[in-house]
Amino acid sequence: MLYTLSYEKSTTTDRRKMEISFRKINEILWHTLYSIGVNVKLLIDRPDGTYCFREYRGRVFYMSEKILKLAENVGANNLVSVGTCIGKFTKTGKFNLTVTCLALLAPYAQYKIWVKPSAEQQFLYGHHVLKSGLGRITENTPQYQGVVVFSMSDVPLGLGISAKSTAECKHADPLTTICFHVCDIGEYIRNEDALVS
Amino acid sequence: MVKISEVEEEEHVLKPTSNEFSGSESSCAKMNKNEGIVALGDSPLKNDENVDNDEEEDDDDDHDDNSVEDSSDEIDTSNEDAMEDGDSYYSDNEESEQIKPTGMDIVKNVLERAAKEAEKNESISVAKPLDLEYDLGTLLAIDTNEMDSDLLRDSTEEYLKNLARDNTQLLVNHIWELPITRKENEIVAKLPPPSFRLPREKPAPKPKPLTKWQQFALEKGIQKKKRPKVQWDETLQKWIPWWGYKRTKAEREKSWVIEAKQNEDPMEDPFAKRAEAKQERVAKNELQRMRNLARANNVKIPREDTLGEGKKGKNKKGQPKLNKKGEPVPRMGLLTPDKMNSSQLKQAVAVSKFSTASVGKFQSRLPKEKERSVGALLPIAKKRRAPFLKPEEERKANLDIIDNILKKRPKLDLEKAVNRHINQEEKQRAEEKSQKPKGKGREKARGKGKGNRKGKGLGKVKMSGKGGKGGGKQKRGKKR
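Attention here is on the structure that accompanies the text. (Residues numbered from 1 in each chain as written. Chains lettered and ligands numbered in written order. Predicted model: local features only at pLDDT ≥ 70, side-chain atom pairs only at ≥ 80, totals over all residues. Heavy atoms only, no water.)

### Here's the deal with helix H14 (residues 391-408) of chain B
Inference 1: Given a rise of 1.5 Å per residue, 18 residues ought to cover 26 Å, and the 25 Å separating the end C-alpha atoms of H14 of chain B matches this to within 8%.
Inference 2: Among all positions of H14 of chain B, only Glu 394, Arg 395, Asn 398, Leu 399, Ile 401, Ile 402, Ile 405 and Leu 406 of chain B are buried. Take H14 of chain B and look down its axis: the buried residues cluster within an arc of 160°, on one side only. Opposite the buried face of H14 of chain B, by more than 90 degrees, sit the exposed residues Lys 396, Asp 400, Lys 407 and Lys 408 of chain B.
Inference 3: Elements in contact with the buried residues of H14 of chain B: helix H2 (22-36), helix H3 (40-44) and strand E2 (51-56) of chain A. (Helix = DSSP H or I, 4+ residues; strand = E, 2+ residues; numbered from the N terminus. Expected span 1.5 Å × (residues − 1). Buried < 20%, exposed > 50% of the residue type's maximum accessible area, 1.4 Å probe, protein only. Arc of directions from axis to C-beta. Contact = heavy atoms within 4.5 Å.)

### Description of the state of the cysteines
All names here are of chain A.
Inference 1: Counted by the stated rule, this structure contains 0 disulfides over all chains.
Inference 2: Its sulfur unpaired, Cys 169 is 9.3 Å from the next cysteine sulfur, which belongs to Cys 179.
Inference 3: A disulfide-free cysteine, Cys 183 has its sulfur positioned 5.6 Å from the sulfur of Cys 101, the nearest such atom. (Disulfide = S-S within 2.5 Å.)

### Regarding the side chain of Asn 173 of chain B
Inference 1: Along the chain, the position of Asn 173 of chain B falls in helix H8 (residues 156-176).
Inference 2: There is a polar contact of 2.7 Å between the side chain of Asn 173 of chain B and the backbone oxygen of Ile 124 of chain B. (Polar contact = N/O pair within 3.5 Å; in protein donor to acceptor, adjacent residues only side chain to side chain.)

### Overview of the sheet that holds strand E6 (residues 95-97) of chain A
Residue and element names in this part refer to chain A.
Inference 1: In space, the 4 strands of this open sheet follow the order E2-E3-E5-E6, with antiparallel pairing throughout. Sheet topology places E2 and E6 at the edges, where each strand pairs with a single neighbour. The average undirected angle you get between the axes of adjacent strands in this sheet is 30°.
Inference 2: The strands touched by H2 within the sheet are E2, strand E3 (59-64), strand E5 (84-89) and E6, with E6 carrying the most contacts at an inclination of about 40°. (Pairing = 2+ DSSP bridges. Axes fitted to C-alpha atoms, helices over the stretch in contact; angles between N-to-C directions.)

### What to know about the packing of aromatic side chains
Inference 1: Tallying each qualifying case throughout the model produces 6 aromatic pairs over all chains.
Inference 2: Here the aromatic rings of Trp 213 of chain B and Phe 216 of chain B are separated by 5.7 Å at their centres, their planes lie at 40°, and the arrangement is tilted. Of the two residues, Trp 213 of chain B and Phe 216 of chain B both sit in helix H9 (residues 212-220), 3 residues apart, roughly one turn of that helix.
Inference 3: Relative to Trp 239 of chain B, the ring of Trp 232 of chain B lies with its centre 5.3 Å away and its plane at 65°, an arrangement referred to as edge-to-face.
Inference 4: One aromatic cluster in this structure is built from Tyr 51, Phe 53 and Tyr 62 of chain A.
Inference 5: Seen from the ring of Trp 114 of chain A, Arg 136 of chain A lies directly overhead, with NZ or CZ sitting 4.4 Å from the centre. (Phe/Tyr/Trp six-rings, centres within 6.5 Å; stacked < 30°, edge-to-face > 60°. Lys NZ or Arg CZ within 6 Å of the ring centre and 35° of its normal.)

### Some remarks on unusual backbone geometry
Residue and element names in this part refer to chain B.
Inference 1: Even without being glycine, Asn 185 reaches a positive phi, approximately 70°.
Inference 2: The class of Asn 185 is partly exposed, set by a relative accessible area of 42%.
Inference 3: Phi angles above zero are rare outside glycine, and Gln 237 is one such case at about 60°.
Inference 4: Along the chain, Gln 237 falls in the loop between strand E6 (230-233) and strand E7 (238-241).
Inference 5: Take Gln 237: its relative accessible area is 46%, and that puts it in the partly exposed class.

### Remarks on the sheet that holds strand E10 (residues 146-151) of chain A
All names here are of chain A.
Inference 1: Strand order in the open sheet formed by 6 strands is E8-E12-E11-E10-E7-E9, with mixed pairing between adjacent strands. Each end of this open sheet is capped by a strand with a single partner; those strands are strand E8 (129-130) and strand E9 (134-137).
Inference 2: Sheet analysis places E10 next to strand E11 (residues 156-162), joined by 5 bridges and oriented antiparallel. Bridge pairing in E11 places Gly 146 opposite Ile 161.
Inference 3: Relative to the sheet, helix H6 (residues 117-124) contacts strand E7 (112-115), E8, E10, E11 and strand E12 (177-184), its axis offset from that of E11 by approximately 80°.

### As for the environment of Ile 161 of chain A
Inference 1: Among the structural elements, Ile 161 of chain A can be located in strand E11.
Inference 2: Separated by 19 residues in sequence, Ile 161 of chain A and Pro 142 of chain A place their C-alpha atoms 9.9 Å apart.

### Thoughts on the pairing of E5 of chain A
All names here are of chain A.
Inference 1: Where E3 meets E5, 4 bridges bridge the pair, whose relative direction is antiparallel. Paired with Tyr 62 across the bridge in E5 is Thr 84.
Inference 2: In this structure, E5 lies alongside E6, joined through 3 bridges in antiparallel fashion. From the neighbouring strand, Phe 89 faces E6, where its bridge partner is Phe 95.
Inference 3: Hairpin remark: E5 followed by E6, antiparallel, with 5 residues in the connecting loop; positive phi at Gly 93, about 90°.

### Thoughts on the nonpolar core
Residue and element names in this part refer to chain A.
Inference 1: One finds Ile 28, Leu 29, Phe 53, Val 60 and Ile 86 to be the most contacted residues of the largest nonpolar core, which totals 35 residues.
Inference 2: For this core, the domains that each give at least three residues are domain 1 (3-97) and domain 2 (105-190).
Inference 3: Listed in part, the 15 residues of the second largest apolar core include Tyr 111, Phe 123, Val 129 and Leu 157. (Core = buried A, V, L, I, M, F, W, Y, C linked by side-chain atoms within 4.5 Å. Domains from an automatic or database assignment.)

Below is the structure:
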C-alpha cells in the first residue's frame, strides 16, 4: 500500500469515492472475462480470503479485504496505490486493463500466444505481434479475443487481442498482425510514472 | 508601563497587570505559600526607605509563619539592606549577635555575606542550557529548552509548576533590568515596545478582484503615472485641483459663456446639453462600476439592449444594427432569459409544472412529453445512498454479476465452432496423409513449395495441437 505522508484520515466520502458502481464492476468483469475467460470467477471466489475491487482516481484496484481495511484509514487524497492496479477507466467511461494486472491474470489465461525470442523485443517496445514473430498459439483462439502473450520460456510479457483466429493464422502472411498489443511489461520502464498515478 | 509590585502587598509576588500573567497569578500566589516564591531579585529600589520599612515587617511576619528552612527561598530585603548599610542593622539573624569589630570577624563577615548573597541568588537565578527568548513588551518569555520527559511523565503537575516558576522568575529578572521608576507609591517599569509578532486571528484578506481597466492595464503594461493634485489654469491664472468642489467652482467660473458653433442648432441650450453629457458620463461610470462588481461576484447582468441605452449594437446614427433579414443583430455578451435554448425551455417547463400544490402530479402532459425529474434542477433533498456493503456481501454481489455475465455470453460461439470444424478437418487430412506412405514424397514436395512461397516465418510456426507440416510430427501445446 502506497500513500503520501499526511495526517488526513479517510472520511465517509472517501470511502464512497472508492466504492465501485455496479455498471463499472460489470465493465471490469467483462474485460477480464475477455482476457482470461471463465476463470474470472476465481478472482472473486478465492479460497484465501475475500477480495474486492475499488476504484480510485479512475484506477481500479484489486485487493484483499485486509488491505482494504488498512487503506480505509488513509484519506483518498493521500492514497497513491493499494493492492493491485488492474486497469483504469477512461474519461468516457471505458475500462482498459493495464500491465500491472498481468501477474494476476497470466496464471488464469485461457488463450495464450507465445512469441519467438526474436520478436520479444518488438512486442516489449509496444508493437503488435506479427505472424513472423508468432511462436505458438492456443488452439481455437477466436478472432478479437483477449490473449496473454508469453515468451517461449513461458514468461508472461503482456496482454493482447488476437487479430486473427488460430485457423486464419496458419494461412496468414508473415507480415500480417496476429495479435494487437494492449499492454506489455516494457511499460514498467517506458511508462513508469503513468502506471500508478 | 507595568506595575511591578505594590508597597502594601503582603507577599513579594509580582502581580503584573498584563493579561499574559493573569492566568498564572493564582498559582503564583499559591506557590508563595507552599514552596518558593518568585523572588524579586536585586531591586534597584532597595535603598528606598519607604519600601524597606514596610517590607521588613512583612518579612518578619513571614518568618514567623514559615519554618526556618523555608526562609531561604524568600527574598530577604531586610538583610540586603542591612548589608548595604554596613552591618549595622540586622532584623532576625542569629549571626548578628556574634559580630565584633575585629579583623578576623570582618573577613568572616565578608565571607558570610558572600555566602548569603549566593544563597539569596539561588532563589532568583535559574540555570538554563539555552537562554529564553524574551519579548518584554508583551511580557513574553519563550522557553526553547527540552523538557525532561521522565519528570514530565512521573510528576507532571510538580514539574510544570516548577518550570513555570523558573521561567517566570527569569522573566521577572529581566523586567527588573528595565528602567524602573516610582509613581504614586507604586514601582513601575517601562516596557520596551513589543517585538513579538502574534499570528493574526483572521485569515489574510483575499486580493481585491481587478476591474476591467486594471486588468487591461496589467496586460498592456500600462502603469499609473503620478499626477500632481493641482494643475495650472491659464485662463484663471491659478492652481486648480483635478477634482472636488474647487474644480467645479473653477469650471463654472471659467465657462460662463459658450461659443455657439455654426453648424449647431441655435435654439438648443448648450449649457443644458453639457449638463446632460456630464450626467451621462457619470451614469456610464456608475454602470461600469456595477459591471466590475458583477464580474467580481460572478453575477449575471442583463444585456445592454434591455437597458435601452448604450452604443453597442447600434450604428452611427444611434439606430439598432440590422442584418440582411432586417432583424436586429445579436450581440456578444450574456444571454437574456428571452432567448433560451431548448434545454433551458424544457427545464423551465419542468420546473413550472412541478411548482403546484400537488408537486405537478395532476398536470396534463403532452402526448410525447417525457417526464423530467426536477430533483436535478431544484435543491430538493438528495437521495440517500445505499449503506456500505460488507466484504462478504460484496463478494456475493460480484459473484452474481459474474454469473449473470457468464449466462449472457452466448453458449454457441459460431466462429469458434467453425474454427473447430476447420481444425478437425485439417487434423483428419494430416492423419490421412501420414497413413498414406505412397504419397509421402509428393506431399513433402508440396509442403516445401508452400513454405517457399509463404516465406520463412511460416515454416517455423508450430500450431499447438495440430499436425505439423508434411511429416505429421505433432507438437502438443497447452490445451485448456
